[in-house]
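Working through the structure, step by step
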Amino acid sequence: MNPAGFSEQLLRAWAIAKKDIRIYYIKGPVLIFGVFMPLFMFLAFLMGTKQLPLSFLISGLVGMTLFFTATAVSPAIFPWEGQAKTLERLASCPVTVEAIVFGDMIASTLFGIGITIITVIIGMMLGLSLLHGITLLVAILIAACCFSAIGMLLAVPPTNVPSNIMMLSSLIKFPLVFISGIFIPLDQMPAWGLALAVFSPLTYFTDLVRYAFTDTHYFPVIIDIAALAVFTAIFTVGTMYLHKRTMPQRM
Amino acid sequence: MTSVIHASDLTKIFGKSTAVDHVSFEVQGGEIFGFLGPNGAGKTTTTRMLTGVIPPDTGTATILGHDIRSEPVLAKQGFGVVPETSNAYMDLTAWQNLMLMGELYGLPRSRAEQRSSDLLGMVGLLERKDQKVQAYSKGMKQRLILAMALIHEPELLFLDEPTSGLDVQSTQMILALLRDLNRQGTTIFLTTHNMEEANRLCHRVGIIRAGKIVAIDAPEKLKTAIDRVHKIEVSFDREISGDALSGLNSVTSANRTGDKWQITTQDKDATIRSLVTFSQQNSAAIVTLNTLAPSLDDAFLRLTQEAQP
Ligand SMILES: Nc1ncnc2c1ncn2[C@@H]1O[C@H](COP(=O)(O)OP(=O)(O)O)[C@@H](O)[C@H]1O
Ligand SMILES: [Mg+2]
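Residues numbered from 1 in each chain as written. Chains lettered and ligands numbered in written order. Predicted model: local features only at pLDDT ≥ 70, side-chain atom pairs only at ≥ 80, totals over all residues. Heavy atoms only, no water.

1. Here's the deal with the side chain of Asp207 of chain A
All names here are of chain A. Stated precisely, the cut-off is as follows: Only DSSP runs of H or I with at least four residues qualify as helices, and only runs of E with at least two residues qualify as strands; both kinds are numbered from the N terminus onward. Only protein chains enter the accessibility calculation, which uses a 1.4 Å probe. A residue is then buried if its area is under 20% of the maximum for its type, exposed if over 50%, and partly exposed in between. Under the counting rule used here, the positive set is Lys and Arg, the negative set is Asp and Glu, and His together with the chain ends is not counted. Definition used for salt bridges: Asp or Glu carboxyl oxygen within 4 Å of a side-chain nitrogen of Lys or Arg. Contacts are assigned to residue pairs that have any heavy atoms within 4.5 Å of one another.
Among the structural elements, Asp207 can be located in helix α10 (residues 201-214). Within the buried core, Asp207 has no salt-bridge partner, and the shortest N-O distance to an opposite charge, that of Arg210, equals 5.8 Å. Among all residues touching Asp207, those that are not within four sequence positions of it are Thr216, His217, Tyr218, Phe219 and Asp224.

This is the structure:
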């Protein structure tokens, strides 16, 4: 066994993910938030605007659900553990910063996927027909990784005050929703809006979900998937690099 | 014997203050090394640099043959750490905490389970293994953290003030365990501000003050190094004045403690002779007369005060 080897570190990242799920995700309030948020958004959408078809809106809702659930908890994990001094324990264990970050990403990816699948099932019970199931599954898998990397990027500022990080991440997350074609179809967006939209990974995921449910899309499917994959790679490498630099400042 | 910890020129600066200032020392395999110093001396900062939690500003540390900066995982695989502040996961049970450690150190599940039951038995927590750590007392938490640090049978154990603020029972249990571990070959690096603890436990101590090492030696040698100062305890059958005592030939000072006088001197022999003469001249019979061995406390105080700028 080489403790510093890739496969060994991967196993240790999985141990961190299991710990996260146990401590931070399988908790009454978190689960209730995860299930009720999309449910209430469905209701709001159903009662709201009638100008856009329901299937259009629900695709946006699935996009938002994955985005918000995959980034909901992970930005606060480092501040929590910094405060509780358990982060110091991890820092003195034979795990790399990359493995710790990756473990946190796995946990939020799984949480995001779980809640999103529930949302899709609710949508289908409401009469939505799923036209491209495989594409949707691939899209959810890649986008969940991508959004969880964003969640960890939001955690980079080395503060041990969870509420600071939560405030900051809300400031970044909400505007992103408005430029990602969730409420306004991409083809109705002004040029400047579209110019912003291409920089949001949520745009491509929403486009894929829309394709899966309505067979319409703005970008070619392969471009959507490629864009998500590229964002995922950049954000994952970026967040690991930045955390490696800021980790000592948390101690 | 091989050097297990090799610290060379370790320095850490926080803002304007230098917490650790060019600290160098070595710890040999099989030793219990005590890192002794008053609060704020830089013990925790040094321990954190040695265990790879924070990077030094300058200097290097080689632990078990691996540089802590360039091969952190390989170095960390070989040691266990009991940090200064308790840090098991409060929302997990003792058992879950130990299983997590087992996985982080890459132990097979069955081995981790075997080790965990053994260790929990050893620290007296087996009955409460399925209780969340939240409900534990400070002493129980500290014993659990010691067990967590030992899950992978490390060759080297770091402990940062492991007994500070603990009840007598937990303290005794932890110190006894450390002695046993050391007998079985574990090298121990321990920080403390408790001279008595260092004296009883450690083979060698390094004394740190304001970020600088002021002495490294065996406790006995540190004590004899300050053999220039002696203490004599004396009591008489009637009241006598302190001024009369401290005025005696060769006496440096005389302080009253209860019904006894504690006398500091550079020359034991001369002082005892003058005390006897004094008792005859003043017809005050001597009730007790003890020469006190120098304590590590004295050595510590002297060493840390001498270095005062
Ligand atoms: N993270 C930190 N930021 C700023 N100053 C620190 C930090 N950690 C320790 N110090 C300072 O460094 C000095 C040494 O502290 P420490 O190593 O904790 O001492 P000890 O463990 O011997 O009590 C103290 O003056 C302390 O205030
Ligand atoms: Mg300390």
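2. Remarks on the interface of chain A and chain B
One widely used convention gives an interface's size as the accessible area the parts lose upon coming together. Test applied: By convention, the term buried area covers the 1.4 Å-probe accessible surface removed from two parts as they join, with the contributions of both added. Nitrogen and oxygen atoms within 3.5 Å of one another constitute a polar contact, given that in protein one can donate a hydrogen and the other can accept it, and given that sequence-neighbouring residues count only through two side-chain atoms. Any residue that is not Ala, Val, Leu, Ile, Met, Phe, Trp, Tyr, Cys, Pro, Asp, Glu, Lys or Arg is counted as polar, Gly included; the first ten are nonpolar and the last four charged.
If you look at the interface, chain A gives 30 residues, while chain B gives 29 residues. The largest per-residue losses of area from chain A upon contact with chain B belong to Arg89, Ser92 and Pro94 of chain A, which jointly make up 26% of the total buried on that side. Across the contact surface, chain A and chain B share 3 salt bridges. Between chain A and chain B we count 9 residue pairs in polar contact (both at pLDDT 80 or more) in total. Elements supplying a minimum of two residues to the side of chain A that touches chain B: α1 (6-25), α4 (74-84) and α5 (86-91) of chain A. In terms of residue count, the dominant contributor to the side of chain A that touches chain B is α1 of chain A (10 residues). Looking at the side of chain A that touches chain B, its residues break down into 15 nonpolar, 5 polar and 10 charged.

3. Focus: the coordination of the magnesium ion (ligand 2)
Each pair of donors in an ideal four-coordinate tetrahedral metal site encloses 109.5 degrees, whereas pairs in an ideal six-coordinate octahedral site enclose 90 or 180 degrees. Residues and elements named next belong to chain B. For clarity, the cut-off: Coordinating N, O and S atoms are those within 2.8 Å of the metal (3.2 Å for Na, K and Ca), and as water is not part of the atoms, a site may appear to have fewer donors than expected.
For the magnesium ion (ligand 2), the protein coordination sphere consists of Thr44 (OG1) and Glu84 (OE), at 2.0 to 2.3 Å. Of the two residues, Thr44 sits in helix α1 (residues 43-50) while Glu84 sits in the loop between β6 (79-82) and α3 (94-104), which places them 40 residues apart along the sequence. Residue classification places Thr44 among the buried residues on the basis of a relative accessible area of 17%. Of the residues examined, Glu84 reaches a relative accessible area of 39% and is grouped as partly exposed.

4. A short note on the site of ligand 1
Residues and elements named next belong to chain B. Basically, it comes down to this: Near is defined per residue: the residue qualifies when any heavy atom it owns lies within 4 Å of the molecule or strand. The accessible surface values rely on the Shrake-Rupley method and a 1.4 Å probe; as for residues, cover is taken only from the protein chains in view.
The immediate surroundings of ligand 1 are formed by Phe14, Ala19, Pro38, Asn39, Gly40, Ala41, Gly42, Lys43, Thr44 and Thr45. The backbone of Gly40 places a nitrogen or oxygen atom 2.7 Å from an oxygen atom of ligand 1. Separating an oxygen atom of ligand 1 from a backbone N or O atom of Gly42 is a distance of 3.0 Å. Coverage of ligand 1 by the protein amounts to 62% of the 550 Å² it exposes when considered alone. The greatest single-element share of the shell around ligand 1, amounting to 3 residues, is contributed by α1. Among the residues making up the shell around ligand 1, the classes are represented as 4 nonpolar, 5 polar and 1 charged.

5. Focus: the nonpolar core
Residue and element names in this part refer to chain B. The condition that has to hold: By convention a nonpolar core is built from buried Ala, Val, Leu, Ile, Met, Phe, Trp, Tyr and Cys residues, the set being connected through side-chain atoms within 4.5 Å.
Ranked by size, the top nonpolar core spans 147 residues in total, and within it Ile63 and Leu178 carry the most contacts. If sequence neighbours within four positions are ignored, Leu178 has contacts with Leu146, Leu157, Leu159, Ile188, Leu190 and Leu201. Val234, Val251, Leu275 and Phe278 belong to the second-largest nonpolar core, a separate cluster that totals 13 residues.

6. Here's the deal with the domain arrangement of chain B
To keep things clear, this is the line we draw: An automatic or database domain assignment supplies the start and end points of every domain.
Taken domain by domain, chain B comprises domain 1 (3-224) and domain 2 (228-293). Placing the centre of domain 1 of chain B and that of domain 2 of chain B at their C-alpha centroids yields a distance of 44 Å.

7. Points about the packing of α4 of chain A against helix α8 (residues 162-178) of chain A
All names here are of chain A. Just so we agree on the cut-off: For helices, the fitted line uses only the C-alpha atoms of the stretch in contact; every axis is such a line through C-alpha atoms, and the angle between N-to-C directions lies from 0 to 180 degrees. Under this scheme an angle from 65 to 115 degrees is roughly perpendicular, one under 35 degrees roughly parallel, and one over 145 degrees roughly antiparallel; angles in between are oblique.
Running from N to C, α4 and α8 cross one another at 170 degrees; their axes reach a closest spacing of 8 Å. Relative to α8, the element α4 lies roughly antiparallel. Within the contact between the two elements, α4 uses Pro75, Ala76, Pro79, Trp80 and Gln83 and α8 uses Pro162, Ile165 and Met166. Residues belonging to the contact of α4 with α8 are distributed by class as follows: 7 nonpolar, 1 polar and no charged.

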